[in-house]
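Here are the chains, one letter per residue:
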Amino acid sequence: MKAPESSPTRSPTVPSATYRLQITAEFTLFDAAAVVGYLAELGVGAVYVSPLLRSTTGSSHGYDVVDHGLVDPDRGGDAGLARLAQECRAAGLGLIVDIVPNHMGVAVPSENRAWWDVLRCGQASPFARWFDIDWQISDGRVLIPALGDDANLATDLTIADGELRYYEHRYPIAPGTGEGSPAAVHDRQHYRLISFRRADTAQNYRRFFAETDLASLRVEDPAVFGATHAEILRWVSDYGVTGLRVDHPDGLVDPGGYLSRLAAAAPSCWITVEKITEPGERLPTDWPIAGMTGYDALSEVNALLLDPAAEGAMTALYVELTGDDLDFEQQIADGKRLVATTILQAEVRRLARFVPEIDNAVAALTELTIAFPVYRSYLPLGAEYLAHAVQRATARQPQLSAAIEALLPRLSDPTDELCVRFQQLTGAIMAKGVEDTAYYRYTRFIGLNEVGGYPGRFGSGIAEFHTAQQRRAELSPAGMTTLSTHDTKRGEDIRARLAVLAEMPDTWGDTARRLMSLRPIPNAAFGYLLWQTAVALPALPALTTAALQSAPSAAADLPAPQDPTALPALLDPVPDPRRDRFQAYAEKAMREADVETGWVDQDKTFETAVYVAVSAAFDNAETHELITSMFALIEPHSWVNSLSQKVIQLTMPGVPDVYQGSELWEDSLVDPDNRRPVDFASLRAALTALTTPPDLDGTALAKLWVVSRALRARHDHPELFTGYTPLVVDGPMQDHLVAFDRGGAITLATRLPVGLSVAGGWGETTLLLPPGRYRDTFTGAAFTDELSVADALGRYPVALLLAEKS
């Protein structure tokens with residue numbers, strides 16, 4: 001895809017900060033409009049919303065678009081968007097919208113007019129060019145993996161209202177083909193219903209990763225781009241949408257060409273892309289965008305607050321408890337191999353069909369995708385990654401060297417369709433094999449198992465962080481930064497608590513050993529993940545006699561125990577949303593790991609053992625006491641980490657995003673838990689009531705205070721946030737202070753709070769300020785010249801010093 005030859009001059013308005021809202025049927029655009037006043041008071045510069053185009057009925061996320069022609073009525077429709085845009089303009093805020101160019105939702109064909117017509121008319125449909133379908137197999141029919149294990153087309157198919165039906169699934173009937181038995185009618189259609197199990201091997205339309213309900217689009221076709229983006233561009237022109245966040249550009253044929261076309265069509269928009277980079281990787285410099293959506297920044301901040309010196313002890317503990325001595329690189333290879341040979345095997349086989357003359361093409365392509373070190377290349381940019389993959393794959397599988405050598409010329413040619421599709425596939429295999437598999441298997445320290453992170457590396461030093469921020473200030477000053485999103489594996493304050501564990505490996509080790517002994521799980525590495533999660537969750541409530549009295553009927557005949565925590569072993573659990581959330585997380589995590597159980601075929605024995613362990617966290621007195629005692633020990637230190645990481649992220653180079661509700665403790669687990677509704681009425685009341693600095697305690701009001709004051713500083717004084725200079729700290733505790741000057745705004749943030757506390761505090765640690773007078777926006781205290789860190793951080797573990805005008 002090439003951009004128009006004469007592109008309008010781009011002049012996007014870069015917001016001071018954004019606030020992400022998940023727009024759903026329960027929290028509509030009208031609801032979003034109603035909280036704009038609160039967000040303006042909080043201090044953000046733009047409202048940033050999840051996808052708005054009409055999606056599959058009941059969708060909680062909006063990434064399964066079924067109609068590109070209208071705002072989803074269930075989410076508020078066009079009137080709701082108009083109201084939100086009006087409120088944003090009145091408050092002086094920008095409006096950023098998440099868009100999804102890579103795929104459409106096809107779970108309910110009747111809701112997707114384009115897909116329905118393709119199924120009805122096949123290649124003759126005017127919409128056939130929209131979808132990335134391999135028409136060369138299955139006699140030119142679309143394969144729909146919808147049939148159950150015991151399906152019998154002769155008896156299970158019916159015809160009703162001119163449609164072919166398989167239970168609740170509805171499909172169109174091509175004109176003139178509706179006579180005869182349902183099975184005979186099915187055989188005459190432009191699609192063929194096949195077993196859901198064949199999605200992994202015989203799929204002939206490109207999917208978003210391995211999701212058969214999401215069919216990929218061909219936006220490289222200018223007609224398809226125009227049809228799928230006309231409504232989005234209308235929002236820009238008619239409603240003043242000021243920014244676009246592009247979901248998953250790595251799935252596209254030509255990401256750079258797509259972004260050029262989008263930027264030319266929306267020259268006033270601030271454009272960011274959801275892109276995961278590996279350590280040392282850079283975005284193509286010719287992409288006309290502001291930057292990425294912040295996972296790289298998340299990784300940098302996350303590593304900064306983790307003590308690298310603890311790696312040896314934490315690794316030894318992990319190996320002792322789990323027996324897993326594989327390093328993360330091997331876990332990556334194993335995870336990628338699993339998905340490349342199972343759920344994404346159909347995509348690999350499609351590539352092999354381009355080279356029928358090469359023996360062992362499937363095996364060689366599989367090995368190359370496993371060995372590819374980044375999500376994807378953009379040839380000719382990234383040729384070194386292909387060379388690396390060739391070298392590594394050949395070393396691992398020397399018997400495939402001839403096949404790999406034969407493939408290399410075509411994989412190196414960006415005009416060759418094999419090369420194009422290989423580049424699209426490597427990212428999918430990386431995402432599914434690493435983020436969604438290895439992250440749930442390699443559980444040495446789950447706080448590092450985060451989107452955009454690299455769990456094989458344990459923490460970083462202050463100097464390394466400064467180097468990364470100087471690079472960010474130079475290369476991507478208008479890119480987004482974040483700590484929590486709708487896709488992160490766990491909320492930022494869960495990670496803040498986990499980081500404390502690394503500072504007390506002996507204490508944590510004693511607790512972990514007892515937990516794993518009390519409630520053994522057949523897969524020890526997964527058990528270790530579970531208990532790390534448990535101690536980082538907000539304190540789990542112990543059962544009381546009163547709770548027992550409200551328990552379900554199965555417990556009604558059991559006498560209340562004299563010891564309220566001595567729960568009978570067979571008692572049904574007392575309803576508690578935290579129990580439900582923890583169990584849902586455990587279920588997703590163990591199935592994503594795909595070792596003992598999985599999404600398609602479950603091992604009920606293993607899953608029962610996990611559910612028993614989850615229940616024990618609430619119901620068993622000894623297990624519960626171990627968890628709550630550990631939480632109580634790490635909690636005060638985690639408050640330090642929470643405020644530090646938040647202030648660093650809000651003031652470092654880039655445009656900070658605040659995920660909905662994360663101005664208080666963000667205790668979410670993986671989706672859908674991190675998409676729960678937010679109580680904005682309470683947030684507004686809390687912010688309004690904050691007129692003086694609150695205490696740092698479990699209420700999280702101190703976090704709300706710090707977030708709001710930092711956001712307001714960035715909004716009101718952008719001239720103070722233009723550069724990046726590391727500041728030199730002097731004294732015995734210098735390794736515990738992160739200090740940098742953005743050009744008049746100086747950030748001070750504490751790291752490794754346990755070690756600082758053990759040492760007795762800051763002592764004589766000092767910091768020489770740049771010339772001038774500075775005032776802490778959090779406490780109001782004024783400072784000049786040489787600053788005593790103990791004085792500056794006496795109230796909070798963080799400070800944001802703003803230069804006062806002389």
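The rules we used
Residues numbered from 1 in each chain as written. Predicted model: local features only at pLDDT ≥ 70, side-chain atom pairs only at ≥ 80, totals over all residues. Heavy atoms only, no water. Buried < 20%, exposed > 50% of the residue type's maximum accessible area, 1.4 Å probe, protein only. Helix = DSSP H or I, 4+ residues; strand = E, 2+ residues; numbered from the N terminus. Pairing = 2+ DSSP bridges. Patch = residues over 30% accessible without salt bridge, like charges linked within 9 Å, V, L, I, M, F, W, Y side chains within 5 Å. Areas by Shrake-Rupley, 256 points an atom, 1.4 Å probe, with all protein chains shown as cover. Salt bridge = Lys/Arg side-chain N within 4 Å of Asp/Glu carboxyl O. Axes fitted to C-alpha atoms, helices over the stretch in contact; angles between N-to-C directions. Parallel < 35°, antiparallel > 145°, perpendicular 65-115°, else oblique. Left-handed = near helix turned anticlockwise from the far one by under 90°. Contact = heavy atoms within 4.5 Å. Phe/Tyr/Trp six-rings, centres within 6.5 Å; stacked < 30°, edge-to-face > 60°. Lys NZ or Arg CZ within 6 Å of the ring centre and 35° of its normal. Core = buried A, V, L, I, M, F, W, Y, C linked by side-chain atoms within 4.5 Å.

Asker: Sorry if this is basic, but what is going on with the pairing of strand β2 (residues 46-49) here?
Answerer: Side chains on a regular strand alternate between the two faces of the sheet. Residues A46 and Y48 line one face of β2 and the alternating positions V47 and V49 line the opposite face, and both faces are buried. When strand β1 (residues 18-21) meets β2, the two strands line up parallel, connected through 4 bridges. Bridged to Y19 within β2 is V47.

Asker: I would appreciate a short explanation of a nonpolar patch on the surface in the present structure.
Answerer: A cluster of nonpolar side chains, F196, W599 and V600, forms an exposed patch at the surface whose accessible area comes to about 280 Å². Along the chain, W599 turns up in the loop between α23 (577-593) and α24 (604-619).

Asker: Help me understand the packing of helix α21 (residues 524-536) against α24, please; the structure alone is not making it clear to me.
Answerer: When two helices pack together, you describe them by how their axes are tilted relative to each other and by the distance separating the axes. Contact geometry of α21 with α24 gives a least axis separation of 11 Å together with a crossing angle of 25 degrees. Classified by the interaxial angle, the pair formed by α21 and α24 is roughly parallel. Here α21 and α24 pass one another in a crossing that is right-handed. On α24, the residues that touch F526, L530 and W531 of α21 are F606, V610, A613, V614 and A617.

Asker: What exactly am I supposed to notice about the packing of aromatic side chains here?
Answerer: Two descriptors summarise a pair of aromatic rings, namely the distance from one centre to the other and the angle between the planes of the rings. In this structure the tally under the stated criterion is 21 aromatic pairs. Between Y19 and F680, the aromatic rings sit 6.3 Å apart at their centres with planes inclined by 55 degrees, giving tilted as the arrangement. Remark: F680 occurs in helix α26 (residues 680-689) and Y19 occurs in strand β1; sequence separation between them is 661 residues. Per residue, the accessibility class of Y19 equals that of F680, and both read buried. Between W115 and F131, the aromatic rings sit 4.9 Å apart at their centres with planes inclined by 75 degrees, giving edge-to-face as the arrangement. Of the two residues, W115 sits in helix α4 (residues 113-121) while F131 sits in the loop between α4 and β7 (142-147), which places them 16 residues apart along the sequence. Taking relative accessible area as the criterion, F131 reaches 2% and is therefore assigned buried. Counting every residue linked through ring pairs, the aromatic cluster contains Y318, F328, Y439, Y442, Y454, W508 and Y528. Over the ring of Y48 we find R20, and its NZ or CZ is 4.8 Å from the ring centre. A cation over an aromatic ring shows up here: R795 above the ring of Y796, its NZ or CZ 5.6 Å from the ring centre.

Asker: I'm lost on the sheet that holds strand β13 (residues 211-216) in this one. Help?
Answerer: The strands making up a sheet are joined through hydrogen bonds of the backbone, oriented either antiparallel or parallel. Reading across from one edge, β6-β13-β12 is the order of the 3 strands in this open sheet, with antiparallel pairing throughout. Of all the strands in the sheet, the pair left with one neighbour each is β6 (103-105) and β12 (207-208). As paired elements, β6 and β13 share 3 bridges and run antiparallel to each other. Paired with M104 across the two strands is A215, which belongs to β13.

Asker: I'm lost on the nonpolar core in this one. Help?
Answerer: A general feature of soluble globular proteins is that nonpolar side chains tend to end up buried together. Of all hydrophobic cores here, the largest spans 120 residues; its most connected members are L21, W115, F131, V142, I144 and W235. Discounting chain neighbours no more than four positions away, the residues touching V142 are W115, V118, L119, I133, W135, H190, Y191, R192, N204 and Y205. Residues F209, M430, F445 and L537 belong to the second largest nonpolar core, which totals 101 residues.

Remember that the coordinates give geometry; whether it matters functionally is a separate question.
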